[in-house]
Amino acid sequence: MKLPSHLTIQNGHLHIAGHDCVSLAETYGTPLYVTSEDRIRDRFRNYHQALSSRYSQIQVLFAAKANGNLAIMRVLAQLGAGADVFSSGELLLALEAGMPAKKLLYNGSSKTKNDLALAVQHGVKISVDSLDELHQLDGVARKAGKIAEISFRVNPALEVPTHPKIATGLATSKFGIPYDRIPAAYKEALSCKNVKPVGIHCHIGSQILEVEPFARAAEVMVRIACELSGLGVNLEFLDLGGGLGIPYHHDSDPAPTPEDYANAVMPVFLAGIKAAGITPELWIEPGRFLVADSTLLLTRVNSVKSAHKRFANVDAGFNLLIRPAMYDAYHEVIVANHADAPLITEYTVTGPICETGDILAADRKLPELASGDLIAVLDAGAYGYAMSSQYNGRPRCPEVLVHGNEVALMRRGETLADLTCSMVRPPWQQ
Ligand SMILES: *Cc1c(COP(=O)(O)O)cnc(C)c1O
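Every value quoted in this text rests on a predicted model; they were computed, and no experiment measured them.

Thresholds, definitions, all that
- Residues numbered from 1 in each chain as written.
- Predicted model: local features only at pLDDT ≥ 70, side-chain atom pairs only at ≥ 80, totals over all residues.
- Heavy atoms only, no water.
- Core = buried A, V, L, I, M, F, W, Y, C linked by side-chain atoms within 4.5 Å.
- Buried < 20%, exposed > 50% of the residue type's maximum accessible area, 1.4 Å probe, protein only.
- Helix = DSSP H or I, 4+ residues; strand = E, 2+ residues; numbered from the N terminus.
- Contact = heavy atoms within 4.5 Å.
- Pairing = 2+ DSSP bridges.
- Arc of directions from axis to C-beta.
- Near = heavy atom within 4 Å.
- Polar contact = N/O pair within 3.5 Å; in protein donor to acceptor, adjacent residues only side chain to side chain.
- Areas by Shrake-Rupley, 256 points an atom, 1.4 Å probe, with all protein chains shown as cover.
- Salt bridge = Lys/Arg side-chain N within 4 Å of Asp/Glu carboxyl O.
- Disulfide = S-S within 2.5 Å.
- Axes fitted to C-alpha atoms, helices over the stretch in contact; angles between N-to-C directions.
- Parallel < 35°, antiparallel > 145°, perpendicular 65-115°, else oblique.
- Left-handed = near helix turned anticlockwise from the far one by under 90°.
- Nonpolar A, V, L, I, M, F, W, Y, C, P; charged D, E, K, R; others polar.
- Phe/Tyr/Trp six-rings, centres within 6.5 Å; stacked < 30°, edge-to-face > 60°.
- Lys NZ or Arg CZ within 6 Å of the ring centre and 35° of its normal.

Asks: Break down the nonpolar core for me, with residues and values.
Replies: Among the nonpolar cores identified, the biggest contains 94 residues, and F152, I200, L240 and Y261 are the most heavily contacted of them. Looking at which element gives the most residues to this core, the answer is helix α8 (residues 212-230), with ten residues. Leaving out residues up to four positions away in the same chain, L240 has contacts with C202, A218, M221, Y261, V265, L282, W283 and I284. Of all hydrophobic cores here, the second largest spans 21 residues; its members include V314, V333, A361 and I375.

Next up, the structure:
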């Protein structure tokens, strides 16, 4: 199996950025999320470089929902990233990680007045998703005595090649304002006293392995930008969203690079802004691409069983990594303590959750397994821990970060007490 450069096999053990996964699992226990900080730095620089070599005004906004650990967001903040935030919680995480408010965009199709007020209070720009929200925001900003800077989220009505649950720019999607009603929305915004339109935003979906759909989205966006400058809107930024996918099937998926993305998108963007006579910042919002492959989920085999097929029952399930159950997603698995043994037996790797769908990896050729073996689930850094739960009464596992020779916890494991700490006994049960 093709491995990215931070994953190596030495003496039969899988290593991440030079650290032996077998020792990490002994030290911290399993299940365990392990992230290479240096890999995230490389991925960010790679993305940023591909765009900034073609246009000087680039701002990368990390999609905070992909991984909300402060240690990770802090690394990205240091590198100059802002964030796409989708809740008050993500907004506060991004600020706490050291991302300046001016590099944040508050997205989302369903915000409360309190969410809007928080963004206004911190001077965070808001991507407005409806005219109803526009007028609510105008009221919130008036009360606060502020001007809210906004973009509208455009629904470009584009079909994209990805799982339907993560295609977000379809004509039928819940997100954004249909592209043909966008000029009217900006006219409305211009008539609001406490709102100032300064940008335009779209996001067509996630885990997209072709670059051509991004070019089509860029085309729609620059066309609208041109029309808007005719209306007197001064666009300071044009945000093309995130969505560049990663090759979860290491040996067979296409692996578009930021360079491929830039080659497809930048000519369209540059020609479009030239035609419009504007020079906005170009914002992009990658999540998965920056963090997915930096992280392994290490899980121990509890037992093996031969039934109608062979099962390896491990200690992590969809409580910790829901992507296989939720999106039929594929993740490569490696037996970390026999990483160079021949792949001779087919196993289905199943978690400890009381559901038939709790399968991490189906029908994989692996070395012969026994209880105590250690399995590494690859590419678990995006939408992994971030989507975890305590389902089935399972405290979440710890997360560790490796950086050079160092290893440290970046989130402790939850305890059984964490299961009950937010529960309140109703008075009649005292
Ligand atoms: C999820 C999301 C992203 C990031 O998507 P990735 O596929 O992880 O790059 C960016 N922008 C918005 C608005 C999103 O909802």
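Asks: Please set out the sheet that holds strand β2 (residues 13-16) residue by residue, giving values where relevant.
Replies: Neighbouring strands of a sheet are bound in pairs by backbone hydrogen bonds; such pairs are parallel or else antiparallel. Reading across from one edge, β1-β2-β3 is the order of the three strands in this open sheet, with antiparallel pairing throughout. Each edge of the open sheet is held by one strand with a lone partner, namely β1 (7-10) and β3 (19-20). Both β1 and β2 contribute to a ladder of four bridges, which runs antiparallel. Note on β2: the bridge partner recorded for Q10 is H13.

Asks: Could you give an account of helix α4 (residues 88-96), with specific residues and numbers?
Replies: Taken together, the buried positions of α4 are occupied by S88, E90, L91 and A94. Mapping the buried residues of α4 onto a view down its axis gives an arc of 165°, with all of them on the same face. On its buried side, α4 packs onto α3 (70-78), β6 (82-85), β7 (104-106) and α5 (113-122). Of the residues flanking the end of α4, it is G98, one or two places downstream, whose phi is positive at about 100°.

Asks: Quick one: what's the story with the site of the ligand, residue by residue and with numbers?
Replies: Around the ligand, 16 residues are found, and the nearest of them are K65, S206, E285, R288 and Y383. The separation between a nitrogen atom of the ligand and a polar side-chain atom of D84 is 3.1 Å. H203 is positioned with one of its side-chain polar atoms (N or O) 3.5 Å from a nitrogen atom of the ligand. Considering the ligand on its own, with 390 Å² of exposed area, one finds that the protein chains cover 97% of that surface.

Asks: Help me get a handle on the pattern of salt bridges, residues and values and all.
Replies: Scanning the entire structure with this criterion turns up 14 salt bridges. Across the salt bridge formed by R310 and E368, the nearest N and O atoms sit 3.6 Å from each other. Of this pair, R310 sits in strand β15 (residues 310-314) while E368 sits in the loop between β18 (359-366) and β19 (374-377), placing them 58 residues apart in sequence. Residue D418 pairs with R412 through a salt bridge whose shortest N-O separation is 2.7 Å. The class for R412 is partly exposed, based on a relative accessible area of 47%. Residues joined in a network through salt bridges with shared partners are R39, R43 and D293.

Asks: Quick rundown of the state of the cysteines? Include the residues and the values.
Replies: Every disulfide links exactly two cysteines, by a covalent bond between their sulfur atoms. Overall, the coordinates contain zero disulfides when judged by the stated rule. The thiol of C21 is not disulfide-bonded; the next cysteine sulfur, from C397, is found 14 Å away. Accessibility expressed as a relative area gives 0% for C21, which makes it buried.

Asks: Can you tell me about the environment of E346, naming the residues and giving the values?
Replies: Note that E346 resides in strand β17 (residues 345-350). Those residues in contact with E346, other than ones at most four positions away along the chain, are R310, D363, R364 and K365.

Asks: Account for the packing of α5 against helix α6 (residues 131-144), naming residues and giving values.
Replies: Interhelical geometry of α5 versus α6 gives an angle of 55° and a closest axis separation of 9 Å. As far as their axial angle goes, α6 and α5 are oblique. When the axes of α5 and α6 are compared, the crossing they make is right-handed. Residues K113, L116, A117 and V120 of α5 form the contact with α6, whose own contacting residues are E133, Q136, L137, V140, A141 and A144. Within the contact of α5 with α6, the residues separate by chemical class into seven nonpolar, one polar and two charged.

Asks: An account of the packing of helix α2 (residues 37-52) against helix α9 (residues 258-276) is requested, with residue identities and associated values reported.
Replies: Axis separation between α2 and α9 bottoms out at 9 Å; the angle between their running directions is 30°. When the interaxial angle is binned, α2 and α9 end up roughly parallel. Between α2 and α9 lies a crossing whose hand is right-handed. Listed contacts from α9 to N46, Y47, A50 and L51 of α2 are P258, E259, Y261, A262 and M266.

Asks: Account for the pairing of strand β20 (residues 399-403), naming residues and giving values.
Replies: A regular strand places its side chains on the two faces of the sheet in alternate fashion. Extensive coverage of β20 is indicated by the burial of four of its five residues. The pairing of strand β4 (residues 32-36) with β20 spans four bridges and is parallel. Paired with T35 across the two strands is L401, which belongs to β20. Between the antiparallel neighbours β20 and strand β21 (residues 406-411) lie two residues, among them G404 with a positive phi of about 55°.

Asks: Could you give an account of the packing of aromatic side chains, with specific residues and numbers?
Replies: By the definition in use, this model includes nine aromatic pairs. Considering the side-chain rings of Y47 and F289, the 5.2 Å spacing of their centres and the 90° angle between planes classify their relative orientation as edge-to-face. Remark: F289 occurs in helix α10 (residues 288-291) and Y47 occurs in helix α2; sequence separation between them is 242 residues. The structure contains a cluster of three or more aromatic residues connected by ring pairs, namely Y47, F214, Y261 and F289. For R43, the ring lying beneath its charged end belongs to F289, and the centroid distance is 3.8 Å. Across from the ring centre of Y330, 3.8 Å away, lies the NZ or CZ of R364, which sits over that ring.

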